[in-house]
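Okay, here's what each chain looks like letter by letter:
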Amino acid sequence: MTSPTDAERTWEAVLRLHAALLPRLDGAVASDGGMSLSWYDVLLELRDGGGRLTMGQLSERVVLSRTRVSRLVDELVGAGLVAREPNPDDGRSAFAVLTAEGRRRFLVAARAYLPAIEREFSSVDARTLGDVADRLEEVLTSLTGDAPRVERRERGRLDPESTRRGRGTV
């Protein structure tokens, strides 16, 4: 049996890290922030998209199928966190619009999510985290052409009012 390539090792590490951390972060957002991480992600993208996105734009940004995004938006509409508005330029589509209550609840959840991220990575030294983040951003840029989406803060802290992702997910 041959040794895995660096590409295979990298992919496996990314998947294993994701599988290890996602349930714990989802639990923290649910228990301390009052919503699922999926809801949080939709609200984040709406906030970062100026408060209003088409369903197609939203599904691209949250990297979920349109069907799944539509169901999440239905749930968020039912909770009063998002509203649907018709798209006057395209009768077949609608906008998802962040409500004032949605923004308020998003900020509450961010105050739970961002510290949870910090807790999960607290056993890793800051230099290693910075190096890993830099290398992953380089890989992402190389593969997709997309520039990093997380704003760098002066002291490395993430702020729910200004950060892009906070997972880079806030």
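Everything here concerns the structure above.
Residues numbered from 1 in each chain as written. Predicted model: local features only at pLDDT ≥ 70, side-chain atom pairs only at ≥ 80, totals over all residues. Heavy atoms only, no water.

Caption draft 1: Expanded view of the overall build of the chain. Tallying secondary structure elements over the chain gives 6 helices and 3 strands in all. In the chain, the order of α-helices and β-strands from amino to carboxyl end is α-α-β-α-α-β-β-α-α. Summed over its atoms, the accessible surface of the chain is roughly 10600 Å², and 54% of this surface lies on carbon and sulfur atoms. (Helix = DSSP H or I, 4+ residues; strand = E, 2+ residues; numbered from the N terminus. Areas by Shrake-Rupley, 256 points an atom, 1.4 Å probe, with all protein chains shown as cover.)

Caption draft 2: How the structure looks around the nonpolar core. Judged by nonpolar contacts, the single largest core of 32 residues is most densely connected at Met35, Tyr40, Val42, Leu43, Leu46, Leu58 and Val73. Secondary structure elements with two or more residues in this core: helix H1 (6-33), helix H2 (37-48), helix H3 (55-62), helix H4 (66-78), strand S3 (94-98) and helix H5 (100-120). Tallying contributions element by element places H5 first for this core, with 8 residues. Apart from the residues lying within four places of it in its own chain, the contact partners of Leu46 are Gly51, Arg52, Leu53, Leu58, Val82, Ala96 and Leu98. (Core = buried A, V, L, I, M, F, W, Y, C linked by side-chain atoms within 4.5 Å. Buried < 20%, exposed > 50% of the residue type's maximum accessible area, 1.4 Å probe, protein only. Contact = heavy atoms within 4.5 Å.)

Caption draft 3: Examining the side chain of Ser59 more closely. Looking at where Ser59 falls in the secondary structure, it is placed in helix H3. Leaving out residues up to four positions away in the same chain, Ser59 has contacts with Leu64, Ser65, Arg66 and Val69.

Caption draft 4: Highlighting the pairing of S3. Counting buried positions along S3 gives 5 out of 5 residues, so the element sits mostly inside the fold. A two-sided burial pattern is seen for S3, the buried positions comprising Ala94, Ala96 and Leu98 on one face and Phe95 and Val97 on the other. Summarising the sheet, strand S1 (residues 52-54) and S3 pair through 3 bridges and their orientation is antiparallel. Across the sheet, Thr54 pairs through a bridge with Phe95, a residue of S3. Where strand S2 (residues 82-86) meets S3, 5 bridges bridge the pair, whose relative direction is antiparallel. (Pairing = 2+ DSSP bridges.)

Caption draft 5: Spatial organisation of the sheet that holds S1. Strand order in the open sheet made by the 3 strands is S1-S3-S2, with antiparallel pairing throughout. The two strands at the open ends of the sheet, each matched to only one other strand, are S1 and S2. When strand polarity is set aside, the average angle formed by the axes of neighbouring strands in this sheet is 30°. Sitting on the sheet, H4 is in contact with S2 and S3, with an inclination near 115° to S2. (Axes fitted to C-alpha atoms, helices over the stretch in contact; angles between N-to-C directions.)

Caption draft 6: Representation of the environment of Leu43. Along the chain, Leu43 turns up in helix H2. Residue class for Leu43 comes out buried when judged on its relative accessible area of 0%. In this structure, the C-alpha to C-alpha distance between Leu43 and Leu76, residues 33 residues apart in sequence, is 8.8 Å. Contacts of Leu43, omitting those with residues within four sequence positions, involve Met35, Leu76, Leu81, Val82, Leu98, Gly102 and Phe106.

Caption draft 7: Representation of a nonpolar patch on the surface within the structure. A grouping of Trp11, Val14, Leu15, Val132 and Leu136 is seen on the molecular surface, where their side chains present a nonpolar patch of about 460 Å² in accessible area. Of all the secondary-structure elements, those providing two or more residues to the nonpolar patch are H1 and helix H6 (126-144). The element best represented in the nonpolar patch is H1, accounting for 3 residues. Note that Trp11 resides in helix H1. A relative accessible area of 55% means that Trp11 is categorised as exposed. (Patch = residues over 30% accessible without salt bridge, like charges linked within 9 Å, V, L, I, M, F, W, Y side chains within 5 Å. Salt bridge = Lys/Arg side-chain N within 4 Å of Asp/Glu carboxyl O.)

Interpretation in functional terms is not warranted from these geometric data alone.
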